[in-house]
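Analysis of the macromolecular model
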Amino acid sequence: MQTLDEMRDRCLLTDEQHAEIGAWVSRARTPEAILAMPEGLWRTLELASVLMDVDADLRREPLLSDAA
């Protein structure tokens, strides 16, 4: 919910979208159930995620530590 709150605080989600997405995620019991979110809400969430660059950590080169 913290990420959803941040999306709302940055005006990437309306209060209504925030509430609808939050309710959907709270009711979902599995990742598959989350993925079954209505298309309009899913697109909104996806766009907000892109605008926040939520996946930035996944694109970073891994840090290699010296094992010696």
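Residues numbered from 1 in each chain as written. Predicted model: local features only at pLDDT ≥ 70, side-chain atom pairs only at ≥ 80, totals over all residues. Heavy atoms only, no water.

Digging into unusual backbone geometry
You will see that Cys-11, though not glycine, has its phi angle at about 65°, which is positive. With respect to the helices and strands, Cys-11 occurs in the loop between helix 1 (2-9) and helix 2 (15-27). In this model, Asp-53 sits at a positive phi of 55°, which is unusual for a non-glycine residue. Structurally, Asp-53 can be placed in the loop between helix 4 (39-52) and helix 5 (56-59). (Helix = DSSP H or I, 4+ residues; strand = E, 2+ residues; numbered from the N terminus.)

Digging into the layout of surface pockets
Approximately 320 Å³ is the volume attributed to the largest pocket. If you go around the largest pocket, you meet 15 residues; those closest to its centre are Thr-3, Met-7, Leu-45, Ser-49 and Val-54. Put simply, the parts of the chain that give the lining of the largest pocket at least two residues each are helix 1 and helix 4. Among the elements that take part in the lining of the largest pocket, helix 4 stands out by supplying 5 residues, more than any other. Considering only residue class, the lining of the largest pocket consists of 9 nonpolar, 2 polar and 4 charged. (1 Å grid on protein atoms, 1.4 Å probe; cavity = no way out; pocket = protein on both sides within 12 Å on 5 of 7 lines; lining within 4 Å. Points joined across faces, edges and corners; volume = space filled by probe spheres on them. Nonpolar A, V, L, I, M, F, W, Y, C, P; charged D, E, K, R; others polar.)

Here's the deal with the packing of helix 1 against helix 4
It is the contact of helix 1 with helix 4, at a shortest axis distance of 11 Å, that shows an interaxial angle of 80°. Comparing the axis directions of helix 1 and helix 4 gives the class roughly perpendicular. Where helix 1 approaches helix 4, its residues Thr-3, Leu-4, Glu-6 and Met-7 are matched on the opposing element by Leu-45, Ala-48, Ser-49 and Met-52. Class assignment of the residues belonging to the contact of helix 1 with helix 4 gives a composition of 5 nonpolar, 2 polar and 1 charged. (Axes fitted to C-alpha atoms, helices over the stretch in contact; angles between N-to-C directions. Parallel < 35°, antiparallel > 145°, perpendicular 65-115°, else oblique. Contact = heavy atoms within 4.5 Å.)

Quick notes on the nonpolar core
With 9 residues, the main nonpolar core is built from Leu-4, Met-7, Leu-13, Ile-21, Met-37, Leu-41, Leu-45, Ala-48 and Met-52. Those elements that provide at least two residues to this core are helix 1 and helix 4. Counting residues per element, this core draws most heavily on helix 4, which supplies 4 residues. Sequence-distant contacts of Met-37, defined by excluding residues within four places in its chain, comprise Ile-21, Trp-24, Val-25, Trp-42 and Leu-45. (Core = buried A, V, L, I, M, F, W, Y, C linked by side-chain atoms within 4.5 Å. Buried < 20%, exposed > 50% of the residue type's maximum accessible area, 1.4 Å probe, protein only.)

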